[in-house]
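# Geometric and topological summary
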Amino acid sequence: MTIEALQALLRLTLTNPRAAAAHLKSLNLPVATGWTAMLLVSVVSAFLGFIGFLTSPVQGDPGVAAMFASPVRTALIQFVVLALTGFLAFWVGQRFGGQGSLAQALVLVAWVQVPPILLQLVQLVLMLVAPGLAPLVGIAGFALYAVLLSLFVAELHGFRSGVTVFFGILATSFAVALLVAVLFASLIGAQ
């Protein structure tokens with residue numbers, strides 16, 4: 001893909017997300033491309049997060065410090081979360097009659113990261129010139145991610161309603177969080 005093609009795809013993603021997802025699906029990219037794209041966006045996002053951490057006035061927060069102090073750890077965590085998101089987008093969608101493939105799910109989940117990463121760049125600039133606005137860009141980035149993910153997964157599987165997919169994503173996220181909490185409680189013991 002050329003830079004011009006990527007810019008056109010980004011514009012399409014923002015103006016007609018389902019059409020952008022359909023275009024990406026039609027490329028029939030292999031699974032390896034999805035994994036590579038996920039790794040790339042994980043590294044870029046972790047790097048930008050680390051730069052934001054270094055320039056942020058909340059450096060004293062131990063929770064933030066633990067998350068962003070190591071860009072390698074952050075990239076690894078992000079990659080695992082993206083991989084799980086891609087797999088669940090495929091697997092759960094299939095259970096509800098969806099038609100998408102794992103390769104398509106991985107590519108779509110990776111591409112959904114691109115617009116929020118661009119907003120991360122805007123957020124970094126705002127942290128330097130207008131720090132009070134930076135959190136608003138972060139919130140906008142998360143909202144954009146939620147909308148794009150819902151619409152991309154709907155297009156992946158041929159579902160009509162992005163809203164229904166959004167609630168499916170929420171339910172799946174809750175179920176996964178509950179499962180992880182139960183596993184951690186059983187491994188380290190509930191206090």
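It should be noted that the structure appears before, not after, this text.
Right, let's walk through the structure included here. What you see is a predicted model; the values in this text were computed from it and never measured.

Helix and strand content of the chain: nine helices and zero strands. Element order for the chain, N to C, with α for helix and β for strand: α-α-α-α-α-α-α-α-α. Viewed in the frame of its principal axes, the chain has a C-alpha envelope of about 50 × 45 × 30 Å. Roughly 10900 Å² of accessible area belongs to the chain as shown, and the carbon and sulfur atoms make up 76% of that amount.

All right, on to the side chain of Gln104 then. Tracing the sequence through the fold places Gln104 in helix H6 (residues 102-112). Looking at Gln104, the relative accessible area reads 14%, which means it is buried. A polar atom in the side chain of Gln104 sits 3.0 Å from the backbone nitrogen of Ser101. Once you skip the residues sitting within four places of it in the chain, Gln104 turns out to touch Lys25, Asn28 and Leu156.

Attention shifts here to the pattern of salt bridges. This model, assessed by the stated rule, comprises one salt bridge. The closest approach of N and O atoms between Glu155 and Arg18, which form a salt bridge, is 2.9 Å. Of this pair, Glu155 sits in helix H8 (residues 134-157) while Arg18 sits in helix H2 (residues 17-26), placing them 137 residues apart in sequence. A relative accessible area of 22% means that Arg18 is categorised as partly exposed.

The backbone of Asn28 sits at a positive phi, close to 50°, despite the residue not being glycine. Tracing the chain through its elements places Asn28 in the loop between H2 and helix H3 (31-55).

Before going further, it helps to examine the packing of aromatic side chains. If you walk through the whole model with that rule in mind, you get two aromatic pairs. Ring centres of Trp35 and Phe79 lie 6.1 Å apart, and the angle between their planes is 50°; on these two criteria the pair is classed as tilted. Of the two residues, Trp35 sits in helix H3 while Phe79 sits in helix H5 (residues 71-95), which places them 44 residues apart along the sequence. Aromatic side chains Phe166 and Phe167 sit 5.4 Å apart centroid to centroid with 70° between the ring planes, which places their arrangement in the edge-to-face category. Overall, the relative accessible area of 30% leaves Phe166 in the partly exposed class. Residue classification places Phe167 among the exposed residues on the basis of a relative accessible area of 51%.

The rules behind these values
- Residues numbered from 1 in each chain as written.
- Predicted model: local features only at pLDDT ≥ 70, side-chain atom pairs only at ≥ 80, totals over all residues.
- Heavy atoms only, no water.
- Helix = DSSP H or I, 4+ residues; strand = E, 2+ residues; numbered from the N terminus.
- Areas by Shrake-Rupley, 256 points an atom, 1.4 Å probe, with all protein chains shown as cover.
- Buried < 20%, exposed > 50% of the residue type's maximum accessible area, 1.4 Å probe, protein only.
- Polar contact = N/O pair within 3.5 Å; in protein donor to acceptor, adjacent residues only side chain to side chain.
- Contact = heavy atoms within 4.5 Å.
- Salt bridge = Lys/Arg side-chain N within 4 Å of Asp/Glu carboxyl O.
- Phe/Tyr/Trp six-rings, centres within 6.5 Å; stacked < 30°, edge-to-face > 60°.

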